[in-house]
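# Commentary on secondary and tertiary structure
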Amino acid sequence: MNTDHNLRLAARLLALLALVLLTAGLAVAQNEKEEERRRSQTLDPRVAQDLLEGYELLEAEKYPEALESLNRLINRRGDDMKPFDKASVLQIRGTAHVNVEDMDSALADFRAALDLDALPFDQQNRLRFNMAQIYFVLERYRDSIKLFEEWMAQEGVEITHTTHFMLAAAHYNLEEYREALPPIQRAIDTAPEPEKRYYDLTNVVYSNLGMNAERVGLLETMVQLWPESLSYWRQLSALYLEQGDQMKSFATLEAAYLAGLIEDSGDIILLAQYYSTFDNPHRGAQLIEDEMEAGRIDGNVKNLELLSQLWSQAREHKKAIPVLRQAAQLSDAGELSFRLGQSLLADERNEDAITAFEAALEKGELDPEQRGEAWMLLGNARFNLAGPGDRDRRLAADRAFAEAERFPNTRRQASDWRSYISAINRTESRQAMLEQEQNERLAEAAQERLLTSCRAQQLAGSQLSNRCEEILAEHAAGDG
């Protein structure tokens, strides 16, 4: 072997040793004792030469081939290698296992290397960190926490915000929410920029611990950091409502809507209801109407009913009635037809009100009080259409009132109306009789006056009209 070849081999062996150290993320030794230990830890040249093949394959990202090479090395020299050499080979093979996603084998190699306690201190500790990460990926959270804490307990380690997050996430997955709080708060505090996932984890930890006041403050920050995230606005609005602050809940939801984030019909309906609560039903009704036209809210019975209510609250009855009519037509139950009848009756649209009340009673599903009220109001609408002498309509009203008499809540009022109708009918009957008698007396008087006139003409020898001749003949026949 010539000098140049030896120099090249030495350079490659030095590079290999650097891999053993750098693969585990080594830092410079912190004290002289560790430096002395490290100087005493050198690879056997024969092991290093065999290890070089696996290293080159690993460097070329030929991971299965690297594993085969490293397996041959372990099988051939395993028991003969000194602890440092074996730990170094196991560490590199563990790295190869990670690259082929064989985490169980990687853990076995890393654990074996760690148990040999032959690697430099910081490299040993880095193995703990790598194993903690793998355990986390494998959802073996208890093992992950144990190794994270062992790693953190050593001197000179630099704990990043990512590590704090993983430790917190491990506690969270074990439902150890109280234990998750300190590390996730440190993750937020030490991150150079706000990390969405850190805030998300803090939010869910607060939720599980029932720390709603802290959660409100957190979400207020989150909507400022990520204003495009509708979920945060929703959660904040719900928390305000849960704490009894409806105004803040409403303002939060409205801000999200005005920002163009809300398209879900449930959120839009809730916002419309808030407008009603805070004395702006017109805005709520207009919101629902606009969103129905845009196709984001269905024109179903429930939504049409709400829209009608909002227009009514806004005193826009001309807008409320057509919407309520549409809802009533879609509904199989009688309640909306009953309410439509009430609105129409209040608007003095009696014929339409009659149709609505009749539909309500026909559809049914009214409670007893509503049924009594429906018959009562149907009677009112029928009566309102009855003019003087219109006994047929009053009879129809009376039939409705008779039905209303069967219900306790309308019995007395219905009875009064029936008595009133009877009184009207009696008065009209008496009036008709009097008018008939009077007409008969007037007719008799007129007949007498005409007979007297005809007799006077006859006595005077005047020529009689045909009518006078008929009257005198009838009178003569009657006397005979």
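These numbers were taken from a predicted model, which means no experiment stands behind them.

## Section: the environment of D109
Topologically, D109 is positioned in helix α6 (residues 103-116). Separated by 20 residues in sequence, D109 and V89 place their C-alpha atoms 9.0 Å apart. Leaving out residues up to four positions away in the same chain, D109 has contacts with L90, R93, G94 and H97.

## Here's the deal with the packing of helix α20 (residues 350-363) against helix α21 (residues 368-384)
Close contact between α20 and α21 brings their axes to 9 Å; oriented N to C, the two are set at 155°. By the angle class used here, α20 and α21 are roughly antiparallel. Crossing of α20 against α21: the hand is left-handed. Where α20 approaches α21, its residues N350, A353, I354, F357, E358 and L361 are matched on the opposing element by R371, A374, W375, L377, L378, A381, R382 and N384. Counted by class, the contact of α20 with α21 contains nine nonpolar, two polar and three charged residues.

## A closer look at helix α13 (residues 230-242)
Relative to the 18 Å expected for 13 residues at 1.5 Å per residue, α13 spans 18 Å between its end C-alpha atoms, a close match to the ideal helical length. When we look at burial in α13, the residues that qualify are L230, Y232, W233, L236, S237, L239 and Y240. In this fold, the buried residues of α13 make contact with α11 (196-209), α12 (212-225), α14 (246-258) and α15 (265-277). Looking one or two residues past α13, G244 carries a phi angle of roughly 85°, positive in sign.

## Considerations on α14
Here α14 contains 13 residues, and its C-alpha end-to-end distance of 18 Å stays within 8% of the 18 Å for a straight helix at 1.5 Å per residue. Summarising the contacts, the buried residues of α14 are in contact with α13, α15 and α16 (281-294).

## Comments concerning the state of the cysteines
One pass over the structure, following the stated rule, counts one disulfide. Covalently, C454 is tied to C468 through a disulfide, its sulfur atoms 2.1 Å apart. Given an S-S torsion of about -70°, the disulfide between C454 and C468 has left-handed geometry. Of this pair, C454 sits in helix α23 (residues 411-459) while C468 sits in helix α24 (residues 466-479), placing them 14 residues apart in sequence. The exposure classification of C454 matches that of C468, with both residues buried.

## Regarding the nonpolar core
Core analysis: the largest hydrophobic core is formed by 123 residues, its most contacted members being V89 and I288. What V89 contacts, discounting residues up to four positions off in sequence, is V47, L51, L70, L73, I74 and M81. Formed by six residues, the second largest nonpolar core is a distinct cluster that contains L451, C454, L464 and C468.

## Description of the pattern of salt bridges
Under the criterion given, the structure shown has 20 salt bridges. Residue R72 pairs with E53 through a salt bridge whose shortest N-O separation is 3.1 Å. In this pair, R72 is assigned in helix α4 (residues 63-77) and E53 in helix α3 (residues 45-59), connecting sequence segments 19 residues apart. Take R72: its relative accessible area is 42%, and that puts it in the partly exposed class. Residue E53 is classed as partly exposed on the basis of its relative accessible area, which comes to 41%. Of the charged contacts in the structure, one is a salt bridge between R128 and E150, with a shortest N-O distance of 3.7 Å. Within this pair, whereas R128 is found in helix α7 (residues 121-137), its partner E150 is found in helix α8 (residues 141-153), the two being separated by 22 residues in sequence. Classification of R128 as buried rests on a relative accessible area of 17%. The exposure class of E150 is partly exposed, given its relative accessible area of 26%. A cluster of three or more residues bridged by salt bridges with shared partners is formed by R128, K146 and E150.

## Details of the confidence of the model for the chain
Summary statistics for the chain give a mean pLDDT of 84 and a share of 89% for residues scoring 70 or more. Summarising per-element confidence for the chain, the mean pLDDT is lowest in helix α1 (residues 3-22) (36) and highest in α11 (97). When the criterion is pLDDT under 50, residues 1-30 qualifies, and its contacts beyond four places in sequence or with other chains add up to 40 contacts.

## Quick notes on the packing of aromatic side chains
Scanning the entire structure with this criterion turns up 16 aromatic pairs. Ring geometry for F250 against Y275: centres 5.2 Å apart, planes inclined by 80°, an arrangement best described as edge-to-face. Of the two residues, F250 sits in helix α14 while Y275 sits in helix α15, which places them 25 residues apart along the sequence. Judged by its relative accessible area of 4%, Y275 is buried. By the ring-pair criterion, three or more aromatic residues cluster together here, those being F250, Y274, Y275 and F278.

Thresholds, definitions, all that
- Residues numbered from 1 in each chain as written.
- Predicted model: local features only at pLDDT ≥ 70, side-chain atom pairs only at ≥ 80, totals over all residues.
- Heavy atoms only, no water.
- Helix = DSSP H or I, 4+ residues; strand = E, 2+ residues; numbered from the N terminus.
- Contact = heavy atoms within 4.5 Å.
- Axes fitted to C-alpha atoms, helices over the stretch in contact; angles between N-to-C directions.
- Parallel < 35°, antiparallel > 145°, perpendicular 65-115°, else oblique.
- Left-handed = near helix turned anticlockwise from the far one by under 90°.
- Nonpolar A, V, L, I, M, F, W, Y, C, P; charged D, E, K, R; others polar.
- Expected span 1.5 Å × (residues − 1).
- Buried < 20%, exposed > 50% of the residue type's maximum accessible area, 1.4 Å probe, protein only.
- Disulfide = S-S within 2.5 Å.
- Core = buried A, V, L, I, M, F, W, Y, C linked by side-chain atoms within 4.5 Å.
- Salt bridge = Lys/Arg side-chain N within 4 Å of Asp/Glu carboxyl O.
- pLDDT = per-residue confidence, 0-100.
- Phe/Tyr/Trp six-rings, centres within 6.5 Å; stacked < 30°, edge-to-face > 60°.

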